[in-house]
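Residue strings, one per chain:
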Amino acid sequence: EHERFISGVAMALDTSGGTLVPRGFSSVARSYLSQRPELLAMAWLPRVTAPERAALENWASSRHRLRYFIADVDQDGFPHTAPRRPVYYPVLMVEPNSGLLQLGRDFMSEPVRAQALNQALATGRPAASAPVRAVRSGGEQAIHLLQVARGVREGARPAGVLDLTLEIDTYLQRSVRQTGFEDFLAAFSDTTPGRPPMVIQDSTARSYREIDNRKEL
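These numbers come from a predicted model, not from an experiment.

Enquirer: Explanation requested: the overall build of the protein in the structure shown.
Expert: Within the protein, the secondary structure is distributed over five helices and twelve strands. Here the protein, with 217 residues, has 44% of them falling under the buried criterion. Here the contacts in the protein between residues at least 6 apart in sequence split such that 56% fall between residues at least 24 apart. When the accessible area of the protein is evaluated, it comes to approximately 12500 Å², of which 50% is carbon and sulfur surface.

Now the structure itself:
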């Protein structure tokens, strides 16, 4: 469902005329998020080159009425001014404007988010990140679902990337409830290649047994 939505929105949004924020972004985001409690936020990450950086930061500071800067975020969740790079994909707009996502955060500066972003850029298809912490203070585990939005011309460079931030626990609980089996028990683990398996949610209260049904998603 979410993949179909974000792909459709990426094709429909108007990114023509050099606009920094696609026309209609906020209204589309608010409408979709209001009916889906597992979605924490929807964000727009424009493609910004090094020569464009100063103008983008000035425009965003005026728009948001605060000091906006493209940031690298450390392991404790605190932003620091990003060093010069050829290209950035910073968080420019977020719905809802709740402070959940760090404005200015450059997804290219963080390995987990950058891996998903590079996959989305390479394939043109939705790409999901491995689990991350969504907020500076810790919070619940979330994944980012990213989709590239391109200009109207064939072969145009990416205008930016759409991001849906999805809270894993709420999403999995909703999925289990939709099976219609009240006593259904399930355990979910992240098995991203190259990373140790990580339990995300487990209602079985015991370790895996060979007789258990196992499905790789």
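Enquirer: Looking at this structure, how should I read the pairing of strand 10 (residues 158-167)?
Expert: In regular strands, side chains alternate between the two faces of the sheet. Burial of strand 10 is extensive: nine of the ten residues sit out of reach of the surface. As defined by bridge partners, strand 1 (residues 39-46) adjoins strand 10 across seven bridges and the pair is classed as antiparallel. Across the sheet, residue Met 42 finds its bridge partner in strand 10, namely Leu 164.

Enquirer: Just to check I follow, could you spell out the packing of aromatic side chains for this structure?
Expert: The relative placement of two aromatic rings is captured by the distance of their centres and the angle of their planes. Overall, the coordinates contain one aromatic pair when judged by the stated rule. Relative to Tyr 32, the ring of Phe 5 lies with its centre 3.5 Å away and its plane at 0°, an arrangement referred to as stacked. Highlighted residues: Phe 5 in helix 1 (residues 2-12) and Tyr 32 in helix 2 (residues 25-33), separated in sequence by 27 residues. Note on accessibility: Phe 5 and Tyr 32 belong to one class, buried.

Enquirer: What is the right way to read the confidence of the model for the protein from this model?
Expert: A low pLDDT score tells you not to read the predicted coordinates there in detail. Confidence in the prediction for the protein averages 80 pLDDT; 68% of positions are at 70 or higher. Mean pLDDT values for the elements of the protein range from 65 in helix 5 (residues 168-177) up to 96 in strand 5 (residues 87-88).

Enquirer: Mind showing me how you'd approach the environment of Ser 7 here?
Expert: Looking at the element boundaries, Ser 7 is found in helix 1. Accessibility expressed as a relative area gives 22% for Ser 7, which makes it partly exposed. Linking Ser 7 and Leu 146, residues 139 residues apart in sequence, is a C-alpha distance of 9.2 Å. Here Ser 7 is in contact with Pro 126 and Gln 147, once residues within four sequence places are set aside. Reaching out from Ser 7, the side chain makes a polar contact with the backbone oxygen of Glu 3 at a distance of 2.9 Å. At 3.3 Å, the side chain of Ser 7 forms a polar contact with the side chain of Gln 147.

Enquirer: How do you make sense of the environment of Val 28 when you look at a structure like this?
Expert: Mapped onto the secondary structure, Val 28 falls in helix 2. By relative accessible area, Val 28 is classed as partly exposed at 29%. For the pair Val 28 and Glu 95, spaced 67 residues apart in sequence, the C-alpha separation works out to 9.6 Å. Those residues in contact with Val 28 that sit more than four places away from it in its chain are Phe 5 and Val 9.

Enquirer: What's the story with the environment of Leu 101 in this structure? I'm lost.
Expert: Within the secondary structure, Leu 101 is located in the loop between strand 6 (93-95) and helix 4 (111-123). Taking the C-alpha atoms as reference, Leu 101 lies 7.8 Å from Ala 41; in sequence the two are 60 residues apart.

Enquirer: Any chance you could explain helix 3 (residues 53-64) here in plain terms?
Expert: Given 3.6 residues per turn, any residue in an α-helix points the same way as the ones three and four places further on. Along its twelve residues, helix 3 runs 16 Å from first to last C-alpha, staying within 8% of the 16 Å computed at 1.5 Å per residue. Listing the buried residues of helix 3 in full gives Arg 53, Leu 56, Glu 57 and Ala 60. Here the buried residues of helix 3 occupy an arc of 95° about the axis, which is enough to place them on one side. Facing away from the buried surface of helix 3 by more than 90 degrees, the exposed residues are Ala 55, Asn 58 and Ser 62. Of the surrounding secondary structure, the elements contacted by the buried residues of helix 3 are strand 2 (48-49), strand 4 (79-81) and strand 5. The first or second residue beyond helix 3 is Arg 65, which carries a positive phi of 60°.

Enquirer: Where do I start with the side chain of Asp 72 in this structure?
Expert: When you line up the elements, Asp 72 lands in strand 3 (residues 71-73). We classify Asp 72 as buried; its relative accessible area is 19%. At a separation of 3.3 Å, a polar atom in the side chain of Asp 72 contacts the side chain of Ser 109.

The rules behind these values
- Residues numbered from 1 in each chain as written.
- Predicted model: local features only at pLDDT ≥ 70, side-chain atom pairs only at ≥ 80, totals over all residues.
- Heavy atoms only, no water.
- Helix = DSSP H or I, 4+ residues; strand = E, 2+ residues; numbered from the N terminus.
- Buried < 20%, exposed > 50% of the residue type's maximum accessible area, 1.4 Å probe, protein only.
- Contact = heavy atoms within 4.5 Å.
- Areas by Shrake-Rupley, 256 points an atom, 1.4 Å probe, with all protein chains shown as cover.
- Pairing = 2+ DSSP bridges.
- Phe/Tyr/Trp six-rings, centres within 6.5 Å; stacked < 30°, edge-to-face > 60°.
- pLDDT = per-residue confidence, 0-100.
- Polar contact = N/O pair within 3.5 Å; in protein donor to acceptor, adjacent residues only side chain to side chain.
- Expected span 1.5 Å × (residues − 1).
- Arc of directions from axis to C-beta.

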